[in-house]
Amino acid sequence: MTKSAKPSSLPAKDAGALKKHSKEDITELVNEVRSLERAVLLTNANINNMVKIAKLAGDSYPHRVIYAAIHAQRRLFAHFHDKGAMIKAAVTSTDAVATQLAQWLRKQYQSFVTRLLDLVDTDDVSLQVAAVKLLLDLTAVSSADLQKLDPATIFDNVFFIQAVHRIFTAREWSTVFTRDVLDLLLEKDDVRFYLFKNLTKIIQNELNDKSSAVPALRKRKRALHRDDATDTDADPDRVDTTLGRLAQNAYFVLEKLDRFPASNDALTKFMLPRDLIPDKHLVLGAIKHKRAFTDFVLNYLRLPLTPALYKKVLMLMNARIIPNMADPRLLMTFLTESYDQGGSTSLLALHAVFTLIAEHNLDYPDFYKKLYNLFDRNLFHVKYRSRFFRLFNLFMQSTHIPVYLVAAFIKKMCRLALYAPPAAVLITLPFVYNMLKQHPQCMVLIHRVDTVNVDNDPFDMNEEDPAKARALESSLWEVVSLQSHYFPNIATVARIFQDRMTKPGYNLEDFLDYTYQNLFETVHVASLKKTPPLNYEISSTLVREGEPIDELFSF
Amino acid sequence: MAPPKPNQPKPGASGGSTLKRLKDNLKKAGVIGVKTSKKIAKSTTPARKSNLAQRADEVLKSIRSKNPFEQKVNRTKHDVLGRKLKGSRGQPGLTRQKGLETRKDALLKDLASRHKVGSFVDRRIGENNPNLSAEEKMMLRWTKEKQKSASRKKSHFSIDDDDAHGGNNSLGGLTHLGQSIDELANFDDFGPSDDEYDGALSKEFVNQALFGGGEANKHKTKADIMKELIAKAKFHKAERQRIKEENEEMRVELDEELDAIRGLLMDKKTNPPPPASGAPAAAPVGNDDDAFDQIVRELKFDKRAKPTDRTKTEDEIAAEEKERLERLERQRLRRMNGDSDDDSNDERGGGFRQRRLKRKKEEERAAAAGARDGSDSDASLGSDDQDGDDEMPLTYRDGVLINKSVFVKSRNRPAASDSEEDESDAEGDDSDDAEDEDDDGSDLASDDEEVGQEHEFSASEDEDDQPKSGKLHLTEEERTAMMAQALAELPYTFPAPASQAEFDLFVRGRSAADIKTLMERFRAIYHPSLGEGNKERQGKVLSFLLRHLFTQDGSAATARGTFDTLYPVLIDMIKAHTLAAAQWASDTLAALMSAPGGTFRPAQLLTFKLLLRVFSASDFHHAVVTPLLVVLAHYLATHPPRSVADATVGLFVVALCLDAQEQSKRWLPEAFNYTTALVAAYSTVTADVNKFPTTTAESLPTASANLGAAPSRLPLDGVTGGKAKRSAAHASLLLMALRTLARFDSLYHAALPSVPELNAPVLATLRALPDSKMHADLLTQRDAVASSMQEHADRVAKTRSVLQLQKHRPVAIAAKEPEYEAHYSLDRRDNPDHIDKEAEKLKAQYKKEKKGAIRELRRDAEFLAAARVQEQKRKDREYEAKMKRVMGRLGDEVGELNKAERASKRLKKF
């Protein structure tokens, strides 16, 4: 009967739904939702209004209307739930009407949940967030129901895993959504615990489902090699598959993740009522959280990561991942594999590898040899340069490094500096200075008394083993070459090797963060006071006949 | 006075008391105890007496100085041999006496003459004698005068007197050995007489007579010297006279010769040459007077040398140029407005006046010369006035003035005023005005083509804009044509653009040549010497111009054309306003750095080239060039070549970088990386990370490259045309990259010791180029580069030696030993380290002098006091004596009186 109450208006609205709704329309529709809700609350007779409200939550309506509708539905279901009209008992009750109502309500509820899951995938952030919120809400409610039936189970994970799956695989997260959703998912300890559990499960399922995962991994490695060249943020081969989205979205979790509470007592924030959780439950153990996270990470790393994502994950290793893991050594395989890949990936893996070596007893043979081989012609050109040199400086502080190794590093760095951009040269020269001061045996590189003349540079640039590179027999002609570098500061710094080396050392931090921009600032004078000198002889034409520009180019 | 020291050497050899010793000494010296008989004593002249006294004085002095009682000796504590100490010995008695004497001479006299006033003493003869009458007095005086003049010698210095005296002397005033010859001529006392001659010449004689008297000058008396002087003066006088006479003769001769050539100088008719036989020059004939007068008159009107204008200063030249442009602009504006292109009224008037003046002068000249051809003078007149003469009849001018007065007034305003206002004024005036908007008018765009056509003409026209023939009225067509032409013509003066937008609007649609002309005019109008703030204005406009050039887009050819045309004026302006240009460059580079755009445009590249041309690129740190190099390097590092066009621009940037390093040869890794990566893109082996940084490589698609095509120069605009052409462009690109490599090689092979390491990977790449596909030119170039690089690499590897960078001169260990002064002396007060020695010395001297002065003053005062006391004592004594005398006399008198009284008493008694 109510169906026919306003039959004329709804189809008309439907027809015009795709059109842009005016403000008045929206307000009218929202009011309609409210009045429908009120009518249902007044009497069960109007229960059919719920269908109308569900309709108003459809895609064709403006977001505000949908927003109002889903919230109205949530309230109505809560109303019926509180009245006990939806519980199983009611379904199996003898009262035919009650049973019918309960079954109908449950059907409606199922469609409501489906709708919410769909809404997670809309393009409106506020609706997405609202849907996630409601889903969490419903999880809490159904968990409470579940516990009534089975006191051991406190969390309705069956329901939650659906939500998580949908949230993480639906579409790529926008910035706002990322922020809001992660606030919701990571804040409460129990939600976070089940989130990791579920994510692990989801990834495993997806990987098992899709046999394409392995080729994807191979593809990744290939891509990584290629990526060394361009090193841009633009990701040409971003995989727009479920796995790809999953990897991308789960990355945000890693990025947003804080340090877990260290002890059981620190676990205080729960979505479920604390008194309902039994004392021995998993959710209350801090180590359980870490294990859940470890499982998640290990499975996550099996996902086909795009090169950019791969590097980002590597960058998170030290700050977010390793501290939260139950046993970081489990990352060893992944990290050594990354470190062996060469290029900027190695540079990024370096820190994590080092952390494992230093703090977690990872035995890594030939660490320095590998490090030595990281020095290739691109090293000075990549943007993780300063990050690398901070670490490298740390490694070289060790007092147990043999001289030949130091000399090899020095020689190779200087050789590479010949081609390097100014910012990198400005790191190299003070570093070499510090090395020479720390290892006076290396002074032969810049000052050799036994003047055995060498026909060719004995240093072998391409030798992979620094012990065989014969760096100690060479001289640093590169430094002399750099003394005539076009950038005046470099030329000046390169002369420190010629002066008395009385300074105990340079603070490398002062040199690490140069870029073309701030180097430009050092030579640029904002407002000139002195007239800069002119050429004393200026040719009579802009381009002289026969000069290179004239010979090479036609205008 | 200090007592004599016991170890003082005794003045006398024998013992005895000091008095005895003194006596001995005096006796020995012959001061006392010389028995002189009274006779001798009497016969001695007073001169001899004084001589004796003098001798005694000397002796006494010497004795006194040796008298130990007269000496003061300061005992030295530590006696040092050979050291002389000032003030260790003194003779206080002597010093005191000396001081006393000087004081007596000076102070005592002053004291005595204190409060005294001077007076005249009449010393006239007989004046004080009251017995003499006036006549007698005069007589006495005259006699005295006569006596005086008779006895007085003649003045030594009176030449004329001497001359008059010795004028008849045949020898004149000649001297020998400073003596007048006529005096010597007596031969009275020349040499010793025969009877005196004793066989040997006296020394005196030898000196004087035989050896020319070199020594004799010493003995010349003052009189002799004066005589000599007089003789010389006379000689010179005679010489002068002789020269004068010679000159006179010469003048007469010349006068005669002048007569001979005068005919050539003068008109034959008016002045026939005088007869060659030549009457004496000093005898003018009566009728020659007229001729002379005529010559004078002619000369009067002859052209005279005019004083030339002095060389103008730069400021004046600038001011003139400005004036000229303003005048031209006024004319142009008038023409633009459809007015006829006459000179301005005042100028015309000036011309008229000038011309009239000239004519008047000519008439005068004609009158003076008598015969003169009028047409000749017309031709000789300055041509600059001529047009003014012919084309400006007064009626015409008046007519124009009456017709156009209002119009002219409204448009004649100086162009420097706001042009927009100008327009709005003119808008309503005439229908024609709508067409002749100012150059920044809104409808300029529609006129662009027209303007463009006229440009060539107008640009060259500013110098010689020919006025039209003097027609009374212009037809409508002519008027419009003239106006169009004027509109197309560039403004001669204009307000300086104050902003970039204004400037852009101002030059919009103008050709480069026009902009050049405008900038030249601008430089003249706003010459820094002509007004406050002009320098800043010029600097600003220069930066506007640079920005305009920098931002222009268009093909490379247009950009190049614009730059080439404007180059001279740009250079001049940058030279004059370097700071403004540098500031602009600096700002622009900063903007480029903070917001790097895409590929550089040709105009930008050419601007960079300009900056490198102008500024000293080889400086270690240059406010413009160094930032520019950073910008270029950054460009190369961040713009990998993705196409041939990209690579072309990149190679151009590399070429710019290398241009900058032409002299300083500094290493630019970015440029090298770019070039090598470019070559590597064509090589057959895949890029090895150990060869080149791969950041720039591999991005150039070379699959479609057709290296077999004939390479040519790279078009900066990029290759246009079909696929074949585009793939053929790769050959050109590779060739240019190879040439650039060659340039790298030639530039750095001697400058960098790392050449072997730098060249090795390049060589490998060069060898890996696909030989079979390459054009012959490419192959030859490749081979040339490769062999040269290989050679240089080998040579440097052979010649470079191991480094010895820490070869320093050893530094001495810091020693903390005491300072040792070689010639240390306690007595030397001055500190050798003291900087202001002079001041120190002066201070000490001042202190010493002050002390001395105080002492002197004290002594003076003491002396004066003593003198006064003595005076007082003397006075007292005199007074006492006087009183005694008086009292004695009074006592006598009283005694006498008493005696008389007593006698009278006695008499009375009796």
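Here the structure is a predicted model, which means the values were calculated and not measured.

**Quick look at the overall build of chain A**
- On a plain count of helices and strands, chain A comes out with 25 helices and one strand.
- Relative to its 555 residues, chain A shows a buried fraction of 38%.

**With respect to the overall build of chain B**
- A count of helices and strands for chain B gives 31 helices and five strands.
- Residues counted as buried form 24% of the 910 residues belonging to chain B.
- Here the analysis covers contacts within chain B between residues at least 6 apart in sequence; of these, 69% occur between residues at least 24 apart.

**Examining the UniProt feature "transmembrane region" (unreviewed entry) in chain A**
Residue and element names in this part refer to chain A.
- With numbering matched to this structure, UniProt assigns "transmembrane region" (unreviewed entry) to residues 391-410 and 416-436.
- Structurally, residues 391-410 comprises 70% helix and 0% strand, and the distance from its first C-alpha atom to its last is 16 Å.
- Spanning residues 416-436, this segment combines 81% helix with 0% strand, and its end C-alpha atoms are found 18 Å apart.

**As for the interface of chain B and chain A**
- Of the residues lining the interface, 78 residues belong to chain B; the matching set on chain A comes to 58 residues.
- Here the residues of the side of chain B that touches chain A sort into 44 nonpolar, 18 polar and 16 charged.
- Where strand 1 (residues 553-554) of chain A lies against strand 5 (residues 714-715) of chain B, two bridges are found, and the strand directions are parallel. Across the sheet, A:Phe553 pairs through a bridge with B:Leu714, a residue of strand 5 of chain B.

**Quick notes on the UniProt feature "coiled-coil region" (unreviewed entry) in chain B**
Residue and element names in this part refer to chain B.
- When the UniProt feature table is mapped onto this chain numbering, "coiled-coil region" (unreviewed entry) sits at residues 226-260 and 836-874.
- Along residues 226-260 the backbone is 100% helical and 0% strand, and the end-to-end C-alpha distance reaches 52 Å.
- Helix makes up 97% of residues 836-874 and strand makes up 0%, while its end C-alpha atoms are separated by 57 Å.

**A word on unusual backbone geometry**
Residues and elements named next belong to chain A.
- For Asp366, which is not glycine, the phi dihedral falls at a positive 55°.
- Along the polypeptide, Asp366 turns up in the loop between helix 16 (343-360) and helix 17 (367-374).
- The exposure class of Asp366 is exposed, given the 10 C-beta atoms found within 10 Å.
- For Arg470, which is not glycine, the phi torsion reads 55° and is therefore positive.
- Among the structural elements, Arg470 can be located in the loop between helix 20 (422-438) and helix 21 (477-482).
- The exposure class of Arg470 is partly exposed, given the 17 C-beta atoms found within 10 Å.

**Details of the confidence of the model for chain A**
All names here are of chain A.
- Confidence in the prediction for chain A averages 79 pLDDT; 88% of positions are at 70 or higher.
- This stretch, residues 1-18, has a pLDDT under 50; its non-local contacts, to residues over four places away or in other chains, come to eight contacts.
- Below pLDDT 50 for its whole length, residues 213-238 participates in 32 contacts with residues either more than four positions away or in separate chains.

**Concerning the environment of B:Pro753**
- Following the sequence through the fold, B:Pro753 ends up in the loop between helix 28 (723-748) and helix 29 (755-767).
- Taking the C-alpha atoms as reference points, B:Pro753 and B:Thr799, 46 residues apart in sequence, are found 9.3 Å from one another.
- Setting aside residues no more than four positions away along its own chain, B:Pro753 makes contact with A:Trp477, A:Val480, A:Ser481, B:Val796 and B:Arg800.

**Considerations on the environment of B:Ala580**
Residues and elements named next belong to chain B.
- Mapped onto the fold, Ala580 is located in helix 23 (residues 578-594).
- As a C-alpha pair, Ala580 and Gly539 span 41 residues in sequence and 5.1 Å in three-dimensional space.
- Contact partners of Ala580, with chain neighbours within four places excluded, come to Gly539, Lys540, Leu542 and Ser543.

**What about the nonpolar core?**
- Residues A:Ala69, A:Ile410, A:Ala417, B:Leu632, B:Val653 and B:Cys657 are the most contacted members of the largest nonpolar core, which totals 260 residues.
- Of the domains in this structure, domain 3 (315-342 + 392-517) and domain 4 (671-799) of chain B are the two that each give at least three residues to this core.
- If we ignore the near neighbours within four places in the chain, the residues touching B:Val653 are B:Phe600, B:Leu632, B:Tyr635 and B:Leu636.

About the criteria used
Residues numbered from 1 in each chain as written. Chains lettered and ligands numbered in written order. Predicted model: local features only at pLDDT ≥ 70, side-chain atom pairs only at ≥ 80, totals over all residues. Helix = DSSP H or I, 4+ residues; strand = E, 2+ residues; numbered from the N terminus. Buried ≥ 20, exposed ≤ 12 C-beta atoms within 10 Å, placed from the backbone. Contact = placed C-beta atoms within 7 Å. UniProt positions renumbered as here; feature names shortened; annotations may be inferred. Nonpolar A, V, L, I, M, F, W, Y, C, P; charged D, E, K, R; others polar. Pairing = 2+ DSSP bridges. pLDDT = per-residue confidence, 0-100. Core = buried A, V, L, I, M, F, W, Y, C linked by C-beta atoms within 7 Å. Domains from an automatic or database assignment.

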